[in-house]
Amino acid sequence: MSGTHLAALAAGALSYCLYFHHGEHHLRIALYIQILAATLISMVVFFQHQSHLDFLAALTQAASIEGSFLSGFYATTLFYRLFLHPLNAFPGPFGCKITSLFLPIIYRHNDGFRQLQTLHDQHGPFVRLRPDYLSIAHPKAVSAIYGPGSKCTKAPWYDLTQPMVSLQTLRNKKAHDERRRVWSAAFGDKALRGYEQRLRGYRNELMAHFSAQAADEQPVNVTKWFNLYNFDFMGDLAFGKSFNMLETSEDHWAIQLLKEALVPLGFAFPTWFFRLLMSLPVVSRDWWRLIDFCAQRMDDRMKTSVEIPDITSVLVAPLKGQQPTAQQRQLLRGDAQLIVVAGSDTTATTLAAAVYQLAQHPEQVQRLREELAPFMTDPSGEVLHEKISHLPHLNAIINETLRLHPPVAASLQRKTPPEGITIDGVYIPGNMTVMCPQNVLGRSHAAYERPTEFLPERWYLTPEMVKEKSAFAPFSAGPYGCIGKPLALLNVRTTLARLVTTFDFGYAPGEDGTAFEGMAKDSFTMGFGDLQILFRKRSGSLGVKWD
Ligand code: HEM
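Quick caveat, the model's predicted, so the values are computed rather than measured. (Residues numbered from 1 in each chain as written. Predicted model: local features only at pLDDT ≥ 70, side-chain atom pairs only at ≥ 80, totals over all residues. Heavy atoms only, no water.)

Quick look at the sheet that holds strand β5 (residues 414-415) now. The sheet built from five strands is open, its strands ordered β1-β2-β8-β5-β3 with mixed pairing. Single-partner strands in this sheet number two, and they are β1 (126-130) and β3 (153-154). Bridging between β5 and strand β8 (residues 433-435) involves two bridges; their strand directions are antiparallel. Directly across from Lys415, in β8, lies its bridge partner Thr433. Where helix α6 (residues 112-123) meets the sheet, its contacts fall on β1, β2 (133-136) and β8, and the angle it forms with β1 comes to roughly 130°. (Pairing = 2+ DSSP bridges. Helix = DSSP H or I, 4+ residues; strand = E, 2+ residues; numbered from the N terminus. Contact = heavy atoms within 4.5 Å. Axes fitted to C-alpha atoms, helices over the stretch in contact; angles between N-to-C directions.)

Another aspect to go through is the domain arrangement of the chain. Under the domain assignment used here, the chain contains domain 1 (3-84) and domain 2 (173-537). Residue-level contacts link five residues of domain 1 with five residues of domain 2. Between domain 1 and domain 2, a total of about 470 Å² is buried, with carbon and sulfur atoms accounting for 74% of that surface. Inspection of the region where domain 1 meets domain 2 yields one salt bridge. Between Lys415 and Glu24 there is a salt bridge, with the nearest N and O atoms lying 2.6 Å from each other. The tally of links between domain 1 and domain 2 comes to one residue pair in polar contact (both at pLDDT 80 or more). Looking at the side of domain 1 that touches domain 2 residue by residue, the classes come out as three nonpolar, one polar and one charged. (Domains from an automatic or database assignment. Buried area = accessible area lost by both parts, 1.4 Å probe. Salt bridge = Lys/Arg side-chain N within 4 Å of Asp/Glu carboxyl O. Polar contact = N/O pair within 3.5 Å; in protein donor to acceptor, adjacent residues only side chain to side chain. Nonpolar A, V, L, I, M, F, W, Y, C, P; charged D, E, K, R; others polar.)

With that out of the way, let us pick up the packing of helix α10 (residues 222-239) against helix α21 (residues 485-502). The geometry of α10 relative to α21 is characterised by a closest axis approach of 13 Å and an angle of 135° between their N-to-C directions. Of the possible angle classes, the one that applies to α10 and α21 is oblique. Crossing geometry of α10 relative to α21 is assigned as right-handed. Facing Phe226, Tyr229, Asn230, Phe233, Met234 and Leu237 of α10, the residues of α21 in contact are Leu487, Asn491, Thr495 and Leu499. Looking at the contact of α10 with α21, its residues break down into seven nonpolar, three polar and no charged. (Parallel < 35°, antiparallel > 145°, perpendicular 65-115°, else oblique. Left-handed = near helix turned anticlockwise from the far one by under 90°.)

The set of residues buried in helix α13 (residues 271-278) consists of Thr271, Phe274, Arg275 and Met278. Buried residues along α13 cover an arc of 95° about the axis, so they all sit on one side. Looking at the buried side of α13, the elements it contacts are α14 (281-303). (Buried < 20%, exposed > 50% of the residue type's maximum accessible area, 1.4 Å probe, protein only. Arc of directions from axis to C-beta.)

Attention now moves to the site of the ligand. Not every one of the 30 residues close to the ligand is listed here, only the nearest: Tyr158, His176, Arg180, Arg414 and Cys482. Interatomic distance of 2.8 Å between a side-chain N/O atom of Gln168 and an oxygen atom of the ligand. Within the side chain of Arg180, an N or O atom sits 2.7 Å from an oxygen atom of the ligand. Contributing elements (two or more residues each) for the shell around the ligand: α8 (173-184) and α16 (326-360). By residue number, the principal contributor to the shell around the ligand is α16, which donates six residues. Of the residues belonging to the shell around the ligand, the class tally is 18 nonpolar, nine polar and three charged. (Near = heavy atom within 4 Å.)

Counting buried positions along β1 gives five out of five residues, so the element sits mostly inside the fold. Where β1 meets β2, four bridges bridge the pair, whose relative direction is antiparallel. If you follow Arg130 over to β2, its bridge partner there is Tyr133. As consecutive antiparallel partners, β1 and β2 are separated by two residues.

All right, on to the nonpolar core then. Grouped together as the largest cluster of nonpolar side chains are 142 residues, with contacts concentrated most on Tyr195, Phe210, Phe226, Ile311, Ile428 and Phe535. Sort the elements by how many residues they give to this core and α16 lands first, with 14 residues. Not counting the four nearest positions on each side in its chain, Ile428 is found in contact with Phe90, Phe126, Leu134, Ile136, Thr416, Gly420, Ile421, Ile423 and Val434. (Core = buried A, V, L, I, M, F, W, Y, C linked by side-chain atoms within 4.5 Å.)

The next subject is the packing of aromatic side chains. With the rule as written, the count across this model stands at 30 aromatic pairs. Ring geometry for Trp157 against Tyr158: centres 4.9 Å apart, planes inclined by 80°, an arrangement best described as edge-to-face. Overall, Tyr158 belongs to the buried group, its relative accessible area being 2%. Clustering of aromatic rings is evident, with ring pairs tying together Tyr16, Tyr19, Phe20, Tyr32, Phe73, Tyr74 and Tyr80. Positioned above the aromatic ring of Tyr158, the side-chain terminus of Lys154 is 4.6 Å from the ring centre. Lying over the aromatic face of Tyr448, Arg403 brings its terminal NZ or CZ to 4.9 Å of the ring centre. (Phe/Tyr/Trp six-rings, centres within 6.5 Å; stacked < 30°, edge-to-face > 60°. Lys NZ or Arg CZ within 6 Å of the ring centre and 35° of its normal.)

Quick look at the UniProt feature "transmembrane region" (unreviewed entry) in the chain now. When the UniProt feature table is mapped onto this chain numbering, "transmembrane region" (unreviewed entry) sits at residues 29-47. Counted over residues 29-47, helix gives 100% and strand 0%. Its end C-alpha atoms are 27 Å apart. (UniProt positions renumbered as here; feature names shortened; annotations may be inferred.)

Our focus in this paragraph is the side chain of Thr416. Residue position: Thr416 is located in the loop between β5 and β6 (421-423). We classify Thr416 as buried; its relative accessible area is 1%. A polar contact is formed between the side chain of Thr416 and the backbone nitrogen of Asn431, at a distance of 2.9 Å. Not counting chain neighbours up to four residues away, the residues in contact with Thr416 comprise Cys152, Ile421, Ile428, Pro429, Gly430, Asn431, Met432 and Val434.

Okay, the pattern of salt bridges next. Taken as a whole, this structure holds 24 salt bridges when the rule is applied. Here Arg203 makes a salt bridge to Glu382, at a shortest N to O gap of 2.7 Å. In this pair, Arg203 sits in helix α9 (residues 189-215) while Glu382 sits in the loop between α17 (362-372) and α18 (385-388), placing the two residues 179 residues apart along the sequence. Of the residues examined, Arg203 reaches a relative accessible area of 0% and is grouped as buried. Among the residues examined, Glu382 registers a relative accessible area of 5% and is labelled buried. Of the charged contacts in the structure, one is a salt bridge between Glu382 and Arg498, with a shortest N-O distance of 2.6 Å. Note that Glu382 is positioned in the loop between α17 and α18 and Arg498 in helix α21, a separation of 116 residues in sequence. Overall, Arg498 belongs to the buried group, its relative accessible area being 10%.

Given below as structure tokens:
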């Protein structure tokens, strides 16, 4: 090895120790690749002119020097990860200890939530998923990591779509707090009453479809139909215009694109790698079509005025009729997309999961009907949310559904503060990524008694069955928790109330429920498998049983 190669090797090792080992680098990955390419080209030119080598010999010489640099860099990285890394005391697959590209191999079937359960069963409550990333299925961890007093911040994952940002992806605490203040006006009581009015139209369409199928004794794939229902509704709240999916019985092309665009999130690529992929035009073409679509709809929406305010009314209010700056426009487009993504899938899967459970537990349906009966007096079958929002059994059924089937199962990455955090006596160093998988915690004996059983009563009659209440956080918690929770609950409560009082229902012939969980995919939000349900219109009297 020549002196030049040795120097390159040492430079690679030093670059890791003095530079790459510190701070975050995922936003500069394209720059680093450009620097490597520029250095290579410069060396080729240098060797051609100074050493009079032909092009091929100059390229070979330059590539071997750059190879030495990279070898020094990777060897040092590997040595550090194998012998010195502060997370080495935590268990996990060996591949996860040495490279952040091993987790995507484990998650290759887009079923990260399931793989994570297996990993926790094998290794216990703390599992190392990447060199600097821990999954923590400990009941005390949720409040320590997400709770109001937590010093953890959003992890680099939230930079995936930079420079496009939204309320959810703002990592800077001050910028996030400011944007959240704007958003919070969208979920006050008055605003919610307006959304409730808008929601009814979509629910009538949904119920009309269920009734028609019931009359023909045809099954309904509820996973699909709750999806159509919620995307139409959230499209309306974001852009003042539905996607008309209930009408056409299929996904709008933009929603199809959106669903496809979210799939790569399920592989848990490290942020630098994901951004690199997205910088390839062939990979990101559909993503940009989607962004253009949302941008166009947002621009159209800003030119119209709406009778009943939608969420966007609140987001554009601070502009006071002025044209947004480029930065404000960027944020508005990101937020519009966020409304659709955050509000649709999540609420749809909650409704589908509730029906999945209720179809297996007719006694719970019966109890719910008895509780609802005094309030369901309107001949339209509708009920005002405020009348049923505090019903204990209804809320318990929703909690139990979210416990067993959290729509955001294992995705919320946080960064520990520089001084680190301690969870139940276990110290986690600073600047590490941590995450609490709600799906693993939801079925954990450490957090619940009889955790795999659907027992809504645990939430109000037998509270001792919930061992650590703060572990239950399907909407996350603290300053970054779900701001749309009141709307989600309004939708789920009123839709379930109308559904159980209008129909008897059960699995359709040939349906055994296995595809619902068995075919589930995790792409930040959960997508459950098909669920064929047969509805039968009730005569109106309470207590009609499915047979
Ligand atoms: C059952 C339904 C829902 C569930 C389980 C749910 C869950 C969550 C979770 C876990 C987060 C935290 C995300 C993170 O930290 O990265 C979140 C954030 C958020 N959710 Fe929801 N969500 C639901 C419905 C909704 C609805 C209907 C909306 C209405 C637009 C909404 C809007 C948002 C927004 C804007 C954020 C970002 C908040 C922030 O970063 O400050 N969600 N949601």
